[in-house]
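An overview of the molecular structure
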Amino acid sequence: MKSVYLLPLLLVLVQGNSETEKEWWETTIFYQIYPRSFMDSDGDGIGDLNGITSKLEYLKEIGVGATWLSPMFSSPMYDFGYDIADFYDVHHEYGTMEDFERLIAKANELDIKIILDLVPNHGSNESEWFDKALQGDEKYYDYFVWEDGVVDENGDMQPPNNWLSVFRKSAWEYREEVGKYYLHQFVIGQPDFNYRNPDVVEEMKNVIRFWFDKGVAGFRIDAIAHLFEVDKEDFGGKYPDEPISGNNLDDPLNYGYLNHIYTTDQQETYDMVYQWRDVYEEYKAKDDFSRVMMVEIYASPQKTMKYFGEGDRIGAHMPFNFALISDVNGESTAAEIKYAVDKFLTFKPLDKLANWVTGNHDNNRVASRYSPKIVDGMNMLVLLLPGVAVTYMGEEIGMVDGYVSWEDTVDPSGCNTDDPINYWQASRDPERTPFQWSSEKNAGFSTADKTWLPVAEGYENLNVEVQRDVERSHLNVYKALAQLRSEPAFRYGRYESVALNGDVFAFRRWYNGENYVILVNFRDESYTIDLSYFENVNGELEVVLTSIQSPKNNGDMLNASAVEIVGSESFVVKVKA
Ligand code: GLC
Ligand code: MG
Ligand code: CA
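A short tour of the structure in this document, coming up. These figures come from a predicted structure and were not determined experimentally. (Residues numbered from 1 in each chain as written. Chains lettered and ligands numbered in written order. Predicted model: local features only at pLDDT ≥ 70, side-chain atom pairs only at ≥ 80, totals over all residues. Heavy atoms only, no water.)

1. With respect to the overall build of the protein
Along the protein, the regular secondary structure elements total 19 helices and 25 strands. For 577 residues, the compact-globule formula gives about 25 Å, and the C-alpha radius of gyration of the protein, at 25 Å, lands near that figure. Over its C-alpha atoms, taken along the principal directions, the protein stretches across nearly 80 × 70 × 50 Å. In the protein, which comprises 577 residues, the proportion classed as buried is 57%. Nonlocal contacts in the protein, meaning residues at least 24 apart in sequence, comprise 67% of its contacts between residues at least 6 apart. Split by element, the accessible area of the protein, about 23,300 Å² in all, is 48% carbon and sulfur. Where the 51 positive side-chain charges of the protein centre and where its 97 negative ones centre are 6 Å apart. (Helix = DSSP H or I, 4+ residues; strand = E, 2+ residues; numbered from the N terminus. Rg over C-alpha atoms; globule rule 2.2 N^0.38 Å. Buried < 20%, exposed > 50% of the residue type's maximum accessible area, 1.4 Å probe, protein only. Contact = heavy atoms within 4.5 Å. Areas by Shrake-Rupley, 256 points an atom, 1.4 Å probe, with all protein chains shown as cover. Lys, Arg positive; Asp, Glu negative; His and termini not counted. Charge placed at Lys NZ, Arg CZ, Asp CG, Glu CD.)

Right, dumping it as structure tokens:
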């Protein structure tokens with residue numbers, strides 16, 4: 001008798017996906033804007049907030065509901081805004097606080113959520129806080145991580161230990177004013193904050209509150225793994241050397257040369273994320289609105305999942321899933337793609353969502369890392385796999401990495417190689433070139449004579465305006481995908497996948513009798529494929545969406561046991577019940 005009553009409850013629990021439970025961030029598409037490169041409103045060759053505001057309708061047009069802006073805070077731009085001088089103000093090249101308020105107002109009108117980039121690990125060496133520290137103001141001195149140098153056999157002062165910057169060379173910089181070295185895990189202009197100081201902890205919580213009060217719907221949290229270093233008191237009062245990793249043996253100044261056991265992934269870091277979530281919950285308790293927390297983490301799946309929470313502590317909504325960036329590329333087999341796709345899904349807690357990311361301002365573009373032919377296929381993965389979709393601006397039109405000469409290179413990661421030949425391997429400028437709006441001057445990005453980075457070659461044919469007018473374009477495929485994504489099968493449905501052969505990856509999404517299969521051919525070979533491998537996939541299949549290379553048309557009927565797929569083709573079929 002009892003079990004009869006329990007059954008419906010159990011079904012809801014097992015399904016865990018009931019249609020009413022979804023929050024805005026679980027179903028929307030997040031679109032990352034790199035403000036410097038999106039749209040320049042005042043002709044100085046640098047993108048700005050008014051530029052973004054003027055293009056918010058474009059986000060609406062492509063079906064995006066939320067945008068994460070890379071840092072737009074006041075900054076000397078040694079790391080293009082990731083070196084923040086004033087966490088409570090807008091960078092002058094990007095506009096004013098009033099411009100930001102107008103951006104929020106316009107976004108609200110269009111029902112687009114604005115997410116900001118929180119950069120908690122470091123500030124700027126050209127900030128009021130750092131100046132005060134150098135002047136001996138105790139409060140601000142303790143905001144940063146200081147250490148004595150060591151005197152070598154020649155009597156010269158050397159950095160405290162072997163720690164390296166992510167961007168190469170020592171992570172320590174000497175300041176005469178205080179006779180000590182400060183830690184910078186990134187560029188010299190990015191002094192690490194001292195999270196063992198409760199004032200720093202409170203300050204960063206206030207930064208979160210400040211922007212929540214301005215109406216932002218959450219944060220993407222930067223470089224989280226680097227937040228805490230070990231407590232030097234546990235090592236006799238001196239930060240210990242990190243062990244040699246065995247990698248990058250030809251370049252001991254390369255970050256990869258060391259194993260970063262003392263400067264990354266400390267237990268206290270996870271706890272800080274849970275504390276930030278408490279601030280989020282304070283706000284939610286007031287207005288019942290869920291603000292979202294995304295964290296930037298390149299780590300093992302085990303470490304990545306800890307950001308969701310541990311025990312009774314809750315953390316981020318979305319630790320980024322970088323498997324499609326870090327684990328696979330255009331050379332990967334379909335099996336390797338499947339392995340990468342399944343990774344996050346395998347490790348994530350049952351009640352959490354996966355997320356799909358193929359690009360950002362730190363990694364080469366999809367068209368360049370995979371192939372221009374796979375752009376639609378990768379967007380099919382991002383938008384149709386189960387979970388949250390994140391698109392880096394330009395991936396919807398298949399932008400390619402721009403060529404940036406050594407002379408024009410400005411990214412510290414490129415410049416710090418000191419290598420005019422191989423710098424491009426480390427430089428992030430290629431994926432940051434201006435957004436391609438049209439065939440006009442500077443791709444319609446700016447009227448300036450010189451833009452901060454050159455516009456990528458080929459923009460005359462690869463841009464929004466051109467693709468809007470072509471029926472089969474990446475842009476139109478993207479828009480159709482955004483639509484399809486709102487079907488229940490993609491919103492609530494289950495997932496299974498298979499590498500059909502070395503080249504073709506396929507996955508199925510189904511819910512309440514609706515049943516879709518998505519196929520992506522990663523290579524130039526043609527195949528005839530038997531899709532009845534999948535349960536409940538037989539008989540007639542209707543083509544509902546195709547990549548631009550596809551010879552198929554929407555509405556074409558295919559036979560499940562013999563599906564033709566041509567080289568580099570991707571498409572979505574719906575099983576006819
Ligand atoms: C993150 C950002 C990157 C920046 C670094 C330091 O990895 O995405 O662009 O350089 O943190 O803030
Ligand atoms: Mg401008
Ligand atoms: Ca740190």
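2. Re the packing of aromatic side chains
The final tally for this structure, using the stated rule, is 49 aromatic pairs. Taking the centre distance of 5.0 Å and the plane angle of 50° together, the rings of Trp163 and Tyr239 count as tilted. Of this pair, Trp163 sits in the loop between strand 8 (157–158) and strand 9 (172–175) while Tyr239 is found in the loop between strand 11 (218–221) and helix 10 (267–287), placing the two residues 76 residues apart along the sequence. Taking the relative accessible area as the measure of exposure, Tyr239 reaches 13% and is therefore buried. For the cation-ring pair, Arg36 lies above Trp452, with the distance from its terminal atom to the ring centre recorded as 4.8 Å. (Phe/Tyr/Trp six-rings, centres within 6.5 Å; stacked < 30°, edge-to-face > 60°. Lys NZ or Arg CZ within 6 Å of the ring centre and 35° of its normal.)

3. Re the site of ligand 1
For ligand 1, the set of nearby residues contains 14 residues, the closest of which are Asp79, Asp222, Glu296, His361 and Asp362. At 2.8 Å from an oxygen atom of ligand 1 is found a side-chain nitrogen or oxygen belonging to Glu296. For the shell around ligand 1, the residue count by class is four nonpolar, three polar and seven charged. (Near = heavy atom within 4 Å. Polar contact = N/O pair within 3.5 Å; in protein donor to acceptor, adjacent residues only side chain to side chain. Nonpolar A, V, L, I, M, F, W, Y, C, P; charged D, E, K, R; others polar.)

4. Quick word on the nonpolar core
Counting 144 residues, the largest nonpolar core has Phe30, Phe100, Trp211 and Trp276 as the members making the most contacts within it. Among the elements that take part in this core, helix 10 stands out by supplying eight residues, more than any other. Among residues more than four places away in sequence, those in contact with Phe100 are Leu49, Met72, Val90, Leu116, Trp211, Lys214 and Val216. (Core = buried A, V, L, I, M, F, W, Y, C linked by side-chain atoms within 4.5 Å.)

5. Let's talk about the sheet that holds strand 5 (residues 113–118)
Read across the sheet, eight strands follow the order 15-12-11-5-2-1-17-16 without closing on themselves; strand pairing throughout is parallel. At either end of the open sheet lies a strand with only one pairing partner, and these are strand 15 (318–319) and strand 16 (355–357). Pairing of strand 1 (residues 29–33) with strand 2 (residues 66–69), which is carried by four bridges, proceeds in the parallel orientation. Within strand 2, the position partnered with Ile33 by the bridge is Leu69. Relative to the sheet, helix 10 contacts strand 11 and strand 12 (292–295), its axis offset from that of strand 12 by approximately 160°. On the sheet, helix 15 (residues 375–384) packs against strand 1, strand 16 and strand 17 (388–392) and is oriented at approximately 140° with respect to strand 17. (Pairing = 2+ DSSP bridges. Axes fitted to C-alpha atoms, helices over the stretch in contact; angles between N-to-C directions.)

6. Brief notes about the coordination of the magnesium ion (ligand 2)
Coordination sphere of the magnesium ion (ligand 2), protein contribution only: Asp40 (OD), Asp42 (OD), Asp44 (OD), Ile46 (O) and Asp48 (OD), at 2.2 to 2.3 Å. Ordering the donors of the magnesium ion (ligand 2) by residue number gives the pattern D-x1-D-x1-D-x1-I-x1-D. Asp40 sits in the buried class, given a relative accessible area of 5%. Residue Ile46 is classed as buried on the basis of its relative accessible area of 9%. (Donors = N, O, S within 2.8 Å, 3.2 Å for Na, K, Ca; no water.)

7. Here we look at the sheet that holds strand 23 (residues 557–559)
One open sheet accounts for six strands, arranged 18-19-20-25-22-23; its pairing is antiparallel. Both outer strands of the open sheet, strand 18 (494–499) and strand 23, are each paired with one neighbouring strand and no more. On average, adjacent strands in this sheet sit at an angle of 30° to one another, irrespective of strand direction. Two elements, strand 22 (residues 540–546) and strand 23, share three bridges in a ladder whose sense is antiparallel.

8. What to know about the side chain of Asp342
Tracing the chain through its elements places Asp342 in helix 13 (residues 334–347). Apart from the residues lying within four places of it in its own chain, the contact partners of Asp342 are Tyr495 and Ser497.

9. Some words on the pairing of strand 9
Relative to strand 10 (residues 180–183), strand 9 runs antiparallel, the two being bridged by four bridges. Bridged to Glu173 within strand 10 is Tyr182. Adjacent in sequence and paired antiparallel, strand 9 and strand 10 are bridged by four residues, among which Gly179 carries a positive phi angle near 65°.

10. Some remarks on the coordination of the calcium ion (ligand 3)
Tetrahedral coordination by four donors sets the ideal angle at the metal to 109.5 degrees; octahedral coordination by six donors sets it to 90 or 180 degrees. Here the calcium ion (ligand 3) is held by the protein donor atoms Asn121 (OD1), Asp192 (OD), His226 (O), Leu227 (O) and Glu229 (OE), which lie 2.2 to 2.7 Å from it. Within one chain, the residues donating to the calcium ion (ligand 3) are spaced in sequence as N-x70-D-x33-H-L-x1-E. Here His226 and Leu227 have matching classes, each one buried.

11. Considering the packing of helix 9 (residues 198–213) against helix 10
As a packed pair, helix 9 and helix 10 sit with axes 11 Å apart at the nearest point and diverge in direction by 35°. The two elements helix 9 and helix 10 meet at a crossing, and its hand is right-handed. Between helix 9 and helix 10, the contacting residues are Val201, Met204, Lys205, Ile208, Arg209, Phe212 and Asp213 on the first element and Met272, Gln275, Trp276, Val279, Tyr280, Glu282 and Tyr283 on the second. (Left-handed = near helix turned anticlockwise from the far one by under 90°.)

12. Focus on the packing of helix 15 against helix 18 (residues 474–484)
Two quantities define a packed helix pair, namely the angle between the axes and the distance from one axis to the other. Axis separation between helix 15 and helix 18 bottoms out at 10 Å; the angle between their running directions is 20°. Considering their axes alone, helix 15 and helix 18 lie roughly parallel with respect to each other. Handedness of the crossing formed by helix 15 with helix 18: right-handed. Residues Val375, Asp376, Asn379, Met380, Leu383 and Leu384 of helix 15 touch helix 18, and the partners they reach there are His474, Val477, Tyr478, Leu481, Ala482 and Leu484. A per-class count over the contact of helix 15 with helix 18 returns nine nonpolar, two polar and one charged. (Parallel < 35°, antiparallel > 145°, perpendicular 65-115°, else oblique.)

13. Concerning the pattern of salt bridges
Taken as a whole, this structure holds 43 salt bridges when the rule is applied. With a shortest N-O distance of 2.5 Å, Asp287 and Arg291 are connected by a salt bridge. Accessibility expressed as a relative area gives 41% for Asp287, which makes it partly exposed. A residue is classified by how much of its surface remains accessible, and Arg291, at 8% relative accessible area, is buried. Ionic contacts of the salt-bridge type, sharing partners, join the residues Asp79, Asp362, Asp411, Arg428 and Arg432 into one network. (Salt bridge = Lys/Arg side-chain N within 4 Å of Asp/Glu carboxyl O.)

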